[in-house]
Amino acid sequence: MNSDAPLDQAFDAYNARRFDEAEHLVRAVLALSPQHGDALYLLGLIAVQSGALSIAEDALYQAVQLYPDIAAYRCALAMTLHKQGRLDEALEHYRRYASDLAVLAQMGLIYLNKNQESTARACFDKALSFDKAHPESLIGLAQIHIMRRRWKMAEQTLHRIATDTPDKWYYLGHLYRRTKRFAAARRALDKALAAPHESYWIERGRTEWEDGKTDAALVCFQNAVRLNPYAAAAYYYAGRVQADGGRLDEAVDSYRQALKRDDDFLEAHHYLAEALCRSGRAPEGLEHYHRALLLNPRYVPSLFQLAALLENIGEFEEAAGLYFNVLSLKARVPRLSVRLAKTLEGLAKTDLKLARKLAKGWVKNFPADKRAICLNNQLKK
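Bear in mind the structure is a predicted one, so any value in this text is a computation, not a measurement.

Caption draft 1: Layout of the overall build of the chain. Each helix and strand counted, the chain has 23 helices and 0 strands in total. When the backbone C-alpha atoms are referred to their principal axes, the chain occupies close to 90 × 45 × 45 Å. Here the chain, with 381 residues, has 49% of them falling under the buried criterion. Counting every atom, the chain has about 19500 Å² of accessible surface; 50% of that belongs to carbon and sulfur. Of note, the chain has its 53 positive side-chain charges centred 11 Å away from the centre of its 46 negative side-chain charges.

Caption draft 2: Representation of a negative patch on the surface within the structure. On the surface, Glu315, Glu317, Glu318 and Asp351 cluster together into a negatively charged patch. In this structure, Glu318 sits in helix H20 (residues 316-328). Since its relative accessible area comes to 41%, Glu318 is described here as partly exposed.

Caption draft 3: Looking closely at the packing of helix H3 (residues 37-49) against helix H5 (residues 71-83). The N-to-C vectors of H3 and H5 enclose an angle of 25 degrees; their axes lie 10 Å apart at closest approach. As far as their axial angle goes, H5 and H3 are roughly parallel. Of the two possible hands of crossing, H3 and H5 adopt the one that is left-handed. Along the contact surface, H3 presents Gly37, Asp38, Tyr41, Leu45 and Val48, while H5 presents Ala72, Tyr73, Ala76, Met79, Thr80 and Lys83. For the contact of H3 with H5, the residue count by class is 7 nonpolar, 2 polar and 2 charged.

Caption draft 4: Region of the structure containing helix H17 (residues 266-278). Helix length check: H17, at 13 residues, gives a terminal C-alpha distance of 19 Å against a target of 18 Å (1.5 Å per residue), a fit within 8%. Every buried residue of H17 is accounted for by Leu266, Ala268, His269, His270, Tyr271, Leu272, Ala273, Ala275 and Leu276. Residues of H17 that are buried sit in contact with helix H15 (232-244), helix H16 (248-261), helix H18 (282-295) and helix H19 (300-312). Two residues or fewer after H17 comes Gly280, characterised by a positive phi angle close to 80 degrees.

Caption draft 5: Representation of the packing of aromatic side chains within the structure. Applying the stated rule across the entire model yields 13 aromatic pairs. Where Tyr67 meets Tyr73, the ring centres are 6.2 Å apart and the plane angle is 70 degrees; that geometry is what we call edge-to-face. Using a relative accessible area of 4% as the deciding quantity, one classes Tyr73 as buried. Geometrically, the ring pair formed by Tyr236 and Phe265 is tilted, given 4.9 Å between the ring centres and 40 degrees between the ring planes. A residue pair is termed long-range when its members are at least 10 positions apart, and Tyr236 in helix H15 and Phe265 in the loop between H16 and H17 qualify at 29 residues. Every member of this aromatic cluster is reached through a ring pair, and the members are Trp209, Phe221, Tyr236, Tyr237, Tyr255, Phe265 and Tyr271.

Caption draft 6: Spatial organisation of the side chain of His145. Checked against the element boundaries, His145 lands in helix H9 (residues 135-147). A relative accessible area of 4% places His145 in the buried class.

Caption draft 7: The pattern of salt bridges, seen in detail. Inspection of the entire model under this criterion finds 24 salt bridges. With a closest N to O distance of 3.3 Å, Lys168 and Asp164 form a salt bridge. Note on Lys168: relative accessible area 5%, which makes it buried. For Arg177, the salt bridge identified is with Glu203, shortest N-O distance 2.4 Å.

Caption draft 8: Broad picture of the nonpolar core. Counting residues in hydrophobic clusters, the biggest one holds 64 residues, and the most contacted among them are Val26 and Leu158. The element contributing the most residues to this core is H3, with 7 residues. Apart from the residues lying within four places of it in its own chain, the contact partners of Val26 are Leu7, Ala10, Ala39, Leu42, Leu43 and Ile46. Counting residues in each nonpolar core, the second largest holds 35 residues, with Leu306, Ala319, Leu322 and Leu347 among its members.

Caption draft 9: Looking closely at unusual backbone geometry. Not every positive phi belongs to a glycine, and Arg17 is a case in point at roughly 65 degrees. Mapped onto the elements of the fold, Arg17 is located in the loop between helix H1 (4-15) and helix H2 (19-32). Looking at Arg17, the relative accessible area reads 26%, which means it is partly exposed. Positive phi, close to 65 degrees, is recorded for Lys180, a residue that is not glycine. Tracing the backbone through its elements, the reader meets Lys180 in the loop between helix H11 (166-178) and helix H12 (182-192).

Caption draft 10: Representation of the environment of Phe304 in the model. Of note, Phe304 is situated in helix H19. Taking the relative accessible area as the measure of exposure, Phe304 reaches 13% and is therefore buried. For the pair Phe304 and Gly245, spaced 59 residues apart in the sequence, the C-alpha separation amounts to 23 Å. Among all residues touching Phe304, those that are not within four sequence positions of it are Tyr323, Val326, Val333, Pro334, Leu336 and Arg339.

Criteria and thresholds
Residues numbered from 1 in each chain as written. Predicted model: local features only at pLDDT ≥ 70, side-chain atom pairs only at ≥ 80, totals over all residues. Heavy atoms only, no water. Helix = DSSP H or I, 4+ residues; strand = E, 2+ residues; numbered from the N terminus. Buried < 20%, exposed > 50% of the residue type's maximum accessible area, 1.4 Å probe, protein only. Areas by Shrake-Rupley, 256 points an atom, 1.4 Å probe, with all protein chains shown as cover. Lys, Arg positive; Asp, Glu negative; His and termini not counted. Charge placed at Lys NZ, Arg CZ, Asp CG, Glu CD. Patch = residues over 30% accessible without salt bridge, like charges linked within 9 Å, V, L, I, M, F, W, Y side chains within 5 Å. Salt bridge = Lys/Arg side-chain N within 4 Å of Asp/Glu carboxyl O. Axes fitted to C-alpha atoms, helices over the stretch in contact; angles between N-to-C directions. Parallel < 35°, antiparallel > 145°, perpendicular 65-115°, else oblique. Left-handed = near helix turned anticlockwise from the far one by under 90°. Contact = heavy atoms within 4.5 Å. Nonpolar A, V, L, I, M, F, W, Y, C, P; charged D, E, K, R; others polar. Expected span 1.5 Å × (residues − 1). Phe/Tyr/Trp six-rings, centres within 6.5 Å; stacked < 30°, edge-to-face > 60°. Core = buried A, V, L, I, M, F, W, Y, C linked by side-chain atoms within 4.5 Å.

Here it is, written out as structure tokens:
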């Protein structure tokens, strides 16, 4: 049986975003021809769309091993590795095609992820030296300006894109939301949504939420899930909106749905912990604060909230350690010094020697903190 016709149908279904149909067709092709490069490639692309990145990686590695000189296969593998945060591995594959403008732009985005802004800019500038209106490179430059809060320069850069691509309007919508121009953000995102994508719906939902339109925001996040049931971010933002409105049980369910799709979603763990604590389920919340800090021990919101939770249940020594961690990160957290002082006062009731030692260390490391000085003097008496 010739596999060309069903594979063509599979690509048509994929391009029309009928991913289940595309997967059924491509797996039928692979059952007949397990080493069919294009079928493995398409299976990888379908798996990426559904968030099944390990499946995507396996399929694309097979395609690359069988046909190492086909650029599309290797670049799709690099994209998958990039999505998994394996940035150096992704760069290794992309570097083979560094003369390609699209690859240069992707390399630039990876260097941005690695906080190597000057190297990222060099990639974008090199691509633009060949094509001054290259859309992906202009979007990359705009992202640098947005990171630096250079709003006007970001907007001018995005308007240099000659064609009205969906991503151009998406990033303009993002920029307008960040600068509280909500009507302009809606107009831009509606243009992006001429080519529906879950990321565009999520950005539209964030715009509605920040403009105080919670019902409209939830509809947008639901639309994102309809397009991609594996869109963890859509569930996460739905949870944020629900929690803001006091609908804590719904928020907990939304966060859990996000974590089902991405168990390493740090912010989902943090806000699930917060919602559980607000619902009177502190022991469950404690578990998710710890999970967030396993993912990022320097994540200030979880450090502070976990410290406050431990302080409230009388675990003063551990709470003090976490507050000191926040202080060491030089994070601007309201009432941090007040909370730390109260914690050390609580600790002094059961272990005055340790409380004095910690207060002395506080003054030593933060000699300008008046509350630290005051507490240290108080505990010396």
